[in-house]
Amino acid sequence: SQQGEEDPQALSIQEGENATMNCSYKTSINNLQWYRQNSGRGLVHLILIRSNEREKHSGRLRVTLDTSKKSSSLLITASRAADTASYFCATDLTGNQFYFGTGTSLTVIP
Amino acid sequence: DTAVSQTPKYLVTQMGNDKSIKCEQNLGHDTMYWYKQDSKKFLKIMFSYNNKELIINETVPNRFSPKSPDKAHLNLHINSLELGDSAVYFCASSQASGRAGQYFGPGTRLTVT
């Protein structure tokens, strides 16, 4: 299976702390993307990192990619209660073939 | 102004029935997708269409048939519904370049009784 796996499955932190979640995958990829899903809603694209990139930033988000280890991490700095959601990584194999991980459920306690 | 819309939002039906879910995107994207999200939040790709042509058809029962009348629409028809079809179905779209993320619809929660 090409699906990714996020780690941890669940994470609970205090507001203001940083949250780190990891994603591992199995095959060569075109790019890797992170998404957020609030309860009962569709997924929202957060950030895309291409296979030839190692790190990318967007606001309070920092994503790293290690293609040799087939892994990626998403760091959310200075977390807020509004960051409470599930976070998924998705590997893009060919430009339009996406495989999602199992998700990390993040709870930020005010 | 909704980028990707799906109808209906909720669908409750009995086993054996046939139902359809509609999806429309107004983003001008070339590629559209259907995903199934189970109760454990695992999101699995079912179909991918590029310019009205099927490019991915994962291991999905023949009872599921996507239809793309034009680039902006990708509908999902399900025949002979089974209990195991109960899930949330998401439509999504993206540019085919693979340089951007996908835009997801709000989902259709299907419950088969």
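A brief structural summary. (Residues numbered from 1 in each chain as written. Chains lettered and ligands numbered in written order. Predicted model: local features only at pLDDT ≥ 70, side-chain atom pairs only at ≥ 80, totals over all residues. Heavy atoms only, no water.)

## What about the overall build of chain A?
Within chain A one finds zero helices and eleven strands. Shown N-terminal to C-terminal, the secondary structure of chain A runs as helices and strands in the order β-β-β-β-β-β-β-β-β-β-β. In terms of C-alpha radius of gyration, chain A reaches 13 Å, essentially the compact-globule figure of 13 Å for 110 residues. Projected onto its principal axes, the C-alpha coordinates of chain A cover approximately 40 × 25 × 20 Å. In chain A, which comprises 110 residues, the proportion classed as buried is 46%. Considering only residue pairs separated by 6 or more positions, chain A has 55% of its internal contacts joining residues 24 or more positions apart. When the accessible area of chain A is evaluated, it comes to approximately 5,000 Å², of which 43% is carbon and sulfur surface. Of the charged side chains in chain A, 11 are positive and 10 negative; the average position of the first set lies 5 Å away from that of the second. (Helix = DSSP H or I, 4+ residues; strand = E, 2+ residues; numbered from the N terminus. Rg over C-alpha atoms; globule rule 2.2 N^0.38 Å. Buried < 20%, exposed > 50% of the residue type's maximum accessible area, 1.4 Å probe, protein only. Contact = heavy atoms within 4.5 Å. Areas by Shrake-Rupley, 256 points an atom, 1.4 Å probe, with all protein chains shown as cover. Lys, Arg positive; Asp, Glu negative; His and termini not counted. Charge placed at Lys NZ, Arg CZ, Asp CG, Glu CD.)

## As for the nonpolar core
Across soluble globular proteins, nonpolar side chains have a tendency to be buried as a group. Residues and elements named next belong to chain A. Membership of the largest hydrophobic core comes to 21 residues, with the highest contact counts inside it found for Met21, Leu32, Trp34, Leu74, Ile76, Tyr87 and Leu106. Of all the secondary structure elements, the ones that give two or more residues to this core are strand E3 (19-24), strand E4 (31-37), strand E5 (43-50), strand E7 (61-66), strand E8 (71-76), strand E9 (85-92) and strand E11 (104-109). With residues up to four places along the chain from it excluded, the contact list for Leu106 reads Leu11, Ile13, Ala19, Met21, Ile76, Asp83, Thr84, Ala85 and Tyr87. (Core = buried A, V, L, I, M, F, W, Y, C linked by side-chain atoms within 4.5 Å.)

## Examining unusual backbone geometry
Here the residue pair Asp7(A) and Pro8(A) is connected by a cis peptide bond, since its omega of 0 degrees sits within 30 degrees of zero. If you trace the backbone, Pro8(A) turns up in the loop between strand E1 (5-7) and strand E2 (10-14). Omega for the peptide link from Thr7(B) to Pro8(B) comes to 0 degrees, which places this bond in the cis form. Within the secondary structure, Pro8(B) sits in the loop between strand E1 (4-7) and strand E2 (10-13). Even without being glycine, Lys70(A) reaches a positive phi, approximately 50 degrees. Of note, Lys70(A) is situated in the loop between E7 and E8.

## Description of the side chain of Thr31(B)
In this structure, Thr31(B) sits in strand E4 (residues 31-37). A polar contact is formed between the side chain of Thr31(B) and the side chain of Asn50(B), at a distance of 2.8 Å. (Polar contact = N/O pair within 3.5 Å; in protein donor to acceptor, adjacent residues only side chain to side chain.)

## Some details on the interface of chain B and chain A
Accessible area lost on assembly of the parts is the figure often given for the size of an interface. Each partner contributes to the interface: chain B provides 26 residues, whereas chain A provides 24 residues. Between chain B and chain A lies a buried interface of about 1,800 Å² when both sides are counted; carbon and sulfur atoms form 52% of it. Taken together, the links from chain B to chain A amount to zero salt bridges. The interface formed by chain B and chain A includes three residue pairs in polar contact (both at pLDDT 80 or more). Top element by residues in the side of chain B that touches chain A is E4(B). It accounts for four residues. (Buried area = accessible area lost by both parts, 1.4 Å probe. Salt bridge = Lys/Arg side-chain N within 4 Å of Asp/Glu carboxyl O.)

## With respect to the state of the cysteines
Evaluated as defined, the whole model comprises two disulfides over all chains. A disulfide bridge connects Cys23(A) with Cys89(A), and the sulfur atoms are separated by 2.0 Å. Sign of the S-S torsion, about 65 degrees for the bond between Cys23(A) and Cys89(A), identifies this disulfide as right-handed. Taken as a pair, Cys23(A) in strand E3 and Cys89(A) in strand E9 lie far apart in primary sequence, 66 residues in all. On the basis of relative accessible area, Cys23(A) is assigned to the buried category, the value being 2%. Across a sulfur-sulfur distance of 1.8 Å, Cys23(B) and Cys91(B) are joined as a disulfide pair. Taking the torsion about the sulfur-sulfur bond, which here is approximately -75 degrees, the covalent link between Cys23(B) and Cys91(B) counts as left-handed. Linking Cys23(B) in strand E3 (residues 19-25) with Cys91(B) in strand E9 (residues 87-94), this pair joins segments that are 68 residues apart in sequence. (Disulfide = S-S within 2.5 Å.)

## Concerning the environment of Asn75(B)
All names here are of chain B. One can find Asn75 in strand E8 (residues 73-78). Through-space distance from the C-alpha of Asn75 to that of Thr13 is 18 Å; in sequence the pair is 62 residues apart. The contact partners of Asn75, leaving out residues within four places of it in the chain, are Ile21, Lys22, Cys23, Trp34, Ser65, Pro66, Lys67 and Pro69. Of the polar contacts made by the side chain of Asn75, one reaches the backbone nitrogen of Cys23; its length is 3.3 Å.

Honestly, it's all geometry; don't read function into it.
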